[in-house]
Amino acid sequence: MIRKHPNLIALLGYLLVSLLATWPLPARFFTEIGGDLGDAWQTLWGFWWWNDSLFSRGVAPTFSDALRWPHGVPMWFQTWVLPSALLTQPLWGLLPEVTIYNVAIFSSYPLAGFTFYLLAYELWGNRLAAFLAGLLYTITNFHFGHALGHLHIVTMEWNPLFFLCLVRTMRRPA
């Protein structure tokens, strides 16, 4: 199994380490929002607004009449976490709202480790070294410190994914 699906084994390894490292978040996954009581709630409101504006109201999410009613307010400078907001859209109506936020924050740990693993493996060709590098990338004080409420910083999986695509494009231009 390890030789046949090494990337799947690595992803499962990051998932297991993330469950242990983020404890007690997994135990409170459905009842409490991960992080502090400030920015995390604002980000969750942003998730809700994207869902509500696009699928319930049928309006652009860049203006909200839900704030400062009846005149509304432009939302251009709202700190959206668009990748997470869009990727969690299918979960609305299926899971509690705090769980949707927790999915976004928790998934950043195994995905950050896994995408860094893929980049390191592409560069070095050694799976064990790549796995350990992914652990060092995702299980850090920086990651945990910003998990208190800065989802836009915590979603660190996009950086190594960008560089992986860049390296592959440079090595195999087509």
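Residues numbered from 1 in each chain as written. Predicted model: local features only at pLDDT ≥ 70, side-chain atom pairs only at ≥ 80, totals over all residues. Heavy atoms only, no water.

## Considering the nonpolar core
By size, the foremost hydrophobic cluster in this structure holds 19 residues, and its most contacted members are I33, L44, F47, Y101, I105 and L151. Elements with a contribution of two residues or more to this core: α2 (39-57), α4 (97-124) and α7 (151-154). Per element, the largest residue contribution to this core is seven residues, and it comes from α4. Counting residues in each nonpolar core, the second largest holds eleven residues, with F114, L118, A120 and A133 among its members. (Core = buried A, V, L, I, M, F, W, Y, C linked by side-chain atoms within 4.5 Å. Buried < 20%, exposed > 50% of the residue type's maximum accessible area, 1.4 Å probe, protein only. Helix = DSSP H or I, 4+ residues; strand = E, 2+ residues; numbered from the N terminus.)

## Some thoughts on the packing of helix α1 (residues 6-21) against α4
Between α1 and α4, the shortest axis-to-axis distance is 9 Å and the interhelical angle comes to 145 degrees. The handedness of the crossing between α1 and α4 comes out as right-handed. Residues P6, N7, A10, L11, Y14, L15, S18 and L19 of α1 pack against F106, Y109, P110, G113, F114, Y117 and L118 of α4. (Axes fitted to C-alpha atoms, helices over the stretch in contact; angles between N-to-C directions. Left-handed = near helix turned anticlockwise from the far one by under 90°. Contact = heavy atoms within 4.5 Å.)

## Thoughts on the side chain of S84
With respect to the element layout, S84 can be found in helix α3 (residues 82-87). Exposure remark for S84: the relative accessible area of 8% places this residue in the buried category.

## What about the pattern of salt bridges?
For the coordinates displayed, the defined rule picks out six salt bridges. R171 is the salt-bridge partner of E122, the closest N and O atoms lying 3.5 Å from each other. Taken together, the residues span a long stretch of sequence, with E122 in helix α4 and R171 in helix α8 (residues 158-171) at a distance of 49 residues. Among the ionic pairs, E122 bridges to R172, the shortest N-O distance being 3.1 Å. Pair noted here: E122 is in helix α4 and R172 is in the segment after α8, with a separation of 50 residues, a long-range link. A relative accessible area of 14% means that E122 is categorised as buried. One continuous salt-bridge network, built from bridges that share partners, spans E122, R168, R171 and R172. (Salt bridge = Lys/Arg side-chain N within 4 Å of Asp/Glu carboxyl O.)

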